[in-house]
Amino acid sequence: MSREELLAWGGIILGLPGFLAYFVSPYAGVAALCLALLAVFIWYQRQGNLSEFTVLEIEKTLTINTRDGSRATLQRSQTARSNHKGITEFWCRNISSDGSITNIRIDGDPPHIQKTEAGDIQVCKRFQPALSKGQKFNTVLTYDLLDSFSNPSEGLIHVVEAPTKRLRLIVILPHGKPARNVRASLRYGGNPHMNLPTPHASNNGLRMEMTVNKPVLGAEYCIDWDW
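The structure presented is a predicted model; accordingly, all values stated were derived computationally and were not measured. (Residues numbered from 1 in each chain as written. Predicted model: local features only at pLDDT ≥ 70, side-chain atom pairs only at ≥ 80, totals over all residues. Heavy atoms only, no water.)

Peer 1: Looking at this structure, I do not really get the side chain of Arg 187. What am I missing?
Peer 2: If you trace the backbone, Arg 187 turns up in strand 10 (residues 180-188). Looking at Arg 187, the relative accessible area reads 17%, which means it is buried. Looking at Arg 187, its side chain comes within polar contact range of the side chain of Ser 185, at 3.2 Å. Among the polar contacts listed, one links the side chain of Arg 187 to the side chain of Asp 224, at a separation of 2.7 Å. If we skip the residues at most four places from it in the chain, Arg 187 touches Ile 157, Pro 192, His 193, Ala 219, Glu 220, Cys 222 and Asp 224. (Helix = DSSP H or I, 4+ residues; strand = E, 2+ residues; numbered from the N terminus. Buried < 20%, exposed > 50% of the residue type's maximum accessible area, 1.4 Å probe, protein only. Polar contact = N/O pair within 3.5 Å; in protein donor to acceptor, adjacent residues only side chain to side chain. Contact = heavy atoms within 4.5 Å.)

Peer 1: Is there a simple way to explain the sheet that holds strand 4 (residues 100-106) in this structure?
Peer 2: Across a sheet, paired strands are connected by hydrogen bonds in the backbone, their directions being either parallel or antiparallel. Within the open sheet, the 7 strands sit side by side as 4-7-2-1-9-13-12. Their pairing is mixed. This sheet does not close on itself; its edge strands, each paired only once, are strand 4 and strand 12 (200-202). Neighbour to neighbour, the strand axes of the sheet diverge by 15° on average, direction disregarded. In this sheet, strand 13 (residues 207-213) lies alongside strand 9 (residues 166-172) in antiparallel orientation, the contact comprising 7 bridges. By the bridge assignment, Ile 170 is partnered in strand 13 with Glu 209. (Pairing = 2+ DSSP bridges. Axes fitted to C-alpha atoms, helices over the stretch in contact; angles between N-to-C directions.)

Peer 1: Please explain the pairing of strand 9 as it appears in this structure.
Peer 2: It is a general feature of regular strands that their side chains alternate between the two faces of the sheet. One ladder, built from 6 bridges, connects strand 1 (residues 53-64) with strand 9; its direction is parallel. Residue pairing across strands places Ile 58 opposite Leu 167, the latter belonging to strand 9.

Peer 1: Mind showing me how you'd approach the nonpolar core here?
Peer 2: Within soluble globular proteins, side chains that are nonpolar generally end up buried alongside one another. Leu 62, Leu 173, Tyr 221 and Trp 225 are the most contacted members of the largest nonpolar core, which totals 45 residues. Looking at which element gives the most residues to this core, the answer is strand 1, with 5 residues. Excluding its chain neighbours within four sequence positions, the residues that come into contact with Tyr 221 are Leu 156, Ile 157, His 158, Val 160, Leu 167, Leu 169, Ser 185, Leu 186, Leu 196, Val 212, Pro 215 and Val 216. (Core = buried A, V, L, I, M, F, W, Y, C linked by side-chain atoms within 4.5 Å.)

Peer 1: Where do I start with unusual backbone geometry in this structure?
Peer 2: For the bond from Gln 128 to Pro 129, the omega torsion is 5°, close enough to zero to count as cis. Phi at Asn 103 is positive, roughly 55°, even though this residue is not glycine. Residue position: Asn 103 is located in strand 4. Of note, Asp 107 is a non-glycine position whose phi angle comes to about 55°, a positive value. By secondary structure assignment, the location of Asp 107 is in the loop between strand 4 and strand 5 (113-117). Using a relative accessible area of 33% as the deciding quantity, one classes Asp 107 as partly exposed.

Peer 1: Looking at this structure, I do not really get the side chain of Ser 148. What am I missing?
Peer 2: Note that Ser 148 resides in the loop between strand 7 (136-146) and strand 8 (153-159). Accessibility expressed as a relative area gives 3% for Ser 148, which makes it buried. One polar contact links Ser 148 to Ser 97, side chain to side chain, over a distance of 2.6 Å. Polar contacts involving the side chain of Ser 148 include one to the main-chain amide nitrogen of Gly 99, which spans 3.4 Å. Sequence-distant contacts of Ser 148, that is, excluding residues within four places in its chain, are made with Gly 69, Ser 97, Asp 98, Gly 99, Ser 100 and Glu 154.

Peer 1: Looking at this structure, how should I read the state of the cysteines?
Peer 2: Considering all chains together, one arrives at 0 disulfides under this definition. Note on Cys 124: no disulfide assigned, nearest cysteine sulfur contributed by Cys 92 at a separation of 9.0 Å. In this structure Cys 124 comes out as buried when scored by relative accessible area, which is 0%. (Disulfide = S-S within 2.5 Å.)

Peer 1: Looking at this structure, how should I read the sheet that holds strand 3 (residues 87-95)?
Peer 2: Read from one edge to the other, the open sheet built from 3 strands follows the order 3-6-5, with strand pairing classed as antiparallel. Where the open sheet ends on each side, the last strands, each with one partner, are strand 3 and strand 5. Neighbour to neighbour, the strand axes of the sheet diverge by 25° on average, direction disregarded. Sheet topology places strand 3 next to strand 6 (residues 120-131); 6 bridges connect them, and they run antiparallel. Each bridged residue has a counterpart across the sheet, and for Cys 92 the counterpart in strand 6 is Val 123.

Structure follows, in structure tokens:
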């Protein structure tokens, strides 16, 4: 909501008690004033409790380049919105693999900060100047995966780290190595919670895709397959 719209709604809310007091009764005006103040208080409380970012859309694409699964790339493209002013950093966490992870880039450049905690890689992009409240921005994270997909059953996992409007997961397999028994699930902390609708498979089993609207914060969305 723009500043002008906020001012307009504020004028309506503050003017309603006086209107009711003059045309209806003083009691109605007092009641409306109390409700208006309560609404303003709740709105400010919610604004203060917002997360730093809302992810409007995120697309994570895993491309396995070799039939033995020794070489793969992952690209995570997203559009997000800043919920507060003055934010200078955006972190991508939960980067992990059974093999090695190399060549990490954010928007084509090395991360401003990279660290490892509990075996997971975390990378940071810094903003200069700082983001303003409501500002949208696009980010593309890419990295290479070595010796990470050598098992008969493999999968792609996305952990929902921030409030997200739309999630899209895509897996592209090498020619001659199609997927079988494609499935999707929702997990918490690595433990299965529920099965999800079967991802859409195309290109003779070489491409799998699933879309989730309003994914649950903190949940893990997974595409698994045999090959």
